[in-house]
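A structural walkthrough
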Amino acid sequence: RLFSERVGLSPSPAMADLLLAKLRELQATVESTEPEASILPTCLSLLDQLGTVLGGGGPPPLTTREDRYGGVEIEVPISAADTPHALGVELSRRIEQWAAAGKRGLWLKIPLECAAFAGSAAVQGFQFHHAKPEYVEMTRWLPTDQPSPLPAYAFTQVGVGGVVVNSAGHVLMVQERVSPTAKMQGSWKLPGGLADPGEDFADTVAREVREETGIAASLSNGGGVVSLRHSHGFRFGVGDLYVVVKLVCEGSDEIQMDERELAGARWVPWEEVRAMVAPPSAESFDGKVSQTNLDFISSALSGALIAGTPTPSSRPGVSSMVYTARAAET
């Protein structure tokens, strides 16, 4: 009733639901902080803001683009940060239009500056898809007669390890200052880490080796991908691809260890690596090498390697690297 009197219009069912949710949220906030305060002045301000939108004014328009799958990509303008309630009404109106037009998946990108709008979107059926430092992406599947096929966000991280070999044939091995598990604390392992966006496997290994040990290494003169391990259930529930790459030391092999990351780093002869292996049942791997790392190193030193070749992509501005096993020598 107050909406109709203040604005001069009757709200649609979807708009009424959104308005009631906002007013209840506002009432709960006021009652928890100022029990004796009245929410009426704030309600009137909210209704005035909504009335401005319905009258043709209000927040900057949502940026929209139809995708190839019958859906709509929506982006909230940063300039709408001060009008989250009015923006919620605008989104409600657009959803009704898209549903009537048979649209399917909705993708809503909300910049950090407009984070307050995420609550309005959630009230209208949007769910969180993923978040980055500068935005959050939400989705809603409009058809009610079929489950949503919208793809989940990326759920696999890429880690790399480097079998770096110097001119003497020794392998670069490191001890992490803090290992992921207590059992592996103090163990000798391959240098490496997680890939950054846009990095190829070899680029990640070369960067990590350089940052941790000061050693410059590359694929030149005998490098290549050694193997790939795929695991599940890592941190935050993601999968893990661990790619081992053989690199060759370039120039000086003098180690300049990053003491913030590592407790030890040295070149180890193959025979010594084999002698340091501990059985999987060992209670501690302190000062030891795991059988898995031994297998990686053995494959790098004597097995066939996988070569990467840059390949054109069908997507503009996107680079691809295709990895293929090298033909056996005859």
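These lines cover the structure that appears in this document, whether it is placed above or below. (Residues numbered from 1 in each chain as written. Predicted model: local features only at pLDDT ≥ 70, side-chain atom pairs only at ≥ 80, totals over all residues. Heavy atoms only, no water.)

1. Section: the overall build of the protein
Broken down by element type, the protein carries eight helices and 14 strands. Taking all 330 residues of the protein together, the buried fraction comes to 37%. Contacts in the protein between residues far apart in sequence, at least 24 positions, make up 63% of those at least 6 positions apart. Accessible surface, the protein as shown: approximately 18800 Å² in total, 53% of it carbon and sulfur. (Helix = DSSP H or I, 4+ residues; strand = E, 2+ residues; numbered from the N terminus. Buried < 20%, exposed > 50% of the residue type's maximum accessible area, 1.4 Å probe, protein only. Contact = heavy atoms within 4.5 Å. Areas by Shrake-Rupley, 256 points an atom, 1.4 Å probe, with all protein chains shown as cover.)

2. Examining the environment of I74
Mapped onto the secondary structure, I74 falls in strand β2 (residues 72-75). Note: C-alpha distance between I74 and L108 (34 residues apart in sequence) is 4.7 Å. Excluding residues within four positions of it along the chain, I74 makes contact with L62, T63, T64, W98, L106, W107, L108 and K109.

3. Remarks on the sheet that holds strand β3 (residues 105-111)
Read across the open sheet, the five strands follow the order β1-β2-β3-β5-β4; overall the sheet is mixed. Lying at the two open borders of the sheet, with one neighbouring strand each, are β1 (63-66) and β4 (127-132). Each neighbouring strand pair of the sheet contributes to a mean axis angle of 20°, computed without reference to strand direction. In the sheet, β4 pairs with strand β5 (residues 135-141) via five bridges, with the strands oriented antiparallel. When the sheet's bridge partners are listed, A131 is paired in β5 with V136. Seen against the sheet, helix α4 (residues 84-100) touches β1, β2, β3 and β5 and runs at an angle of roughly 160° to β3. (Pairing = 2+ DSSP bridges. Axes fitted to C-alpha atoms, helices over the stretch in contact; angles between N-to-C directions.)

4. Some thoughts on helix α6 (residues 201-213)
Between its terminal C-alpha atoms α6 stretches 18 Å, which fits the 18 Å expected from 13 residues at 1.5 Å a residue. Turning to α6, its buried residues number three or more, namely A202, T204, V205, A206, R207, E208, V209, E212 and T213. Summarising the contacts, the buried residues of α6 are in contact with β6 (156-165), β7 (171-176), β8 (192-194), β9 (217-218), β11 (239-249) and β12 (262-268). One or two positions beyond α6, positive phi appears at G214, with a value near 80°. (Expected span 1.5 Å × (residues − 1).)

5. Comments concerning the pairing of β3
Judged by how many residues are buried, β3 sits mostly within the fold: six of seven residues are covered. Relative to β3, β2 is paired through four bridges, and the arrangement is parallel. Along β3, the bridge assignment pairs E75 with K109. Between β2 and its parallel partner β3, the chain crosses via α4, and the hand of that crossover is right-handed. As paired strands, β3 and β5 are joined by seven bridges and run antiparallel to one another. Opposite W107, over in β5, you have T139 as the bridge partner. (Right-handed = clockwise from strand over helix to strand, strands pointing away.)

6. Some thoughts on the pairing of β11
Within β11, nine of the 11 residues are buried, which leaves it mostly tucked inside the rest of the structure. Across 10 bridges, β6 lies against β11 in parallel orientation. Across the sheet, residue V165 finds its bridge partner in β11, namely V248. The sheet contact formed by β9 and β11 spans two bridges and is antiparallel. Bridge pairing links A217 to C249 in β11. Relative to β11, strand β10 (residues 224-231) runs antiparallel, the two being bridged by seven bridges. Across the sheet, residue V225 finds its bridge partner in β11, namely V245.

These results come straight from atomic positions and should not be treated as a statement about function.
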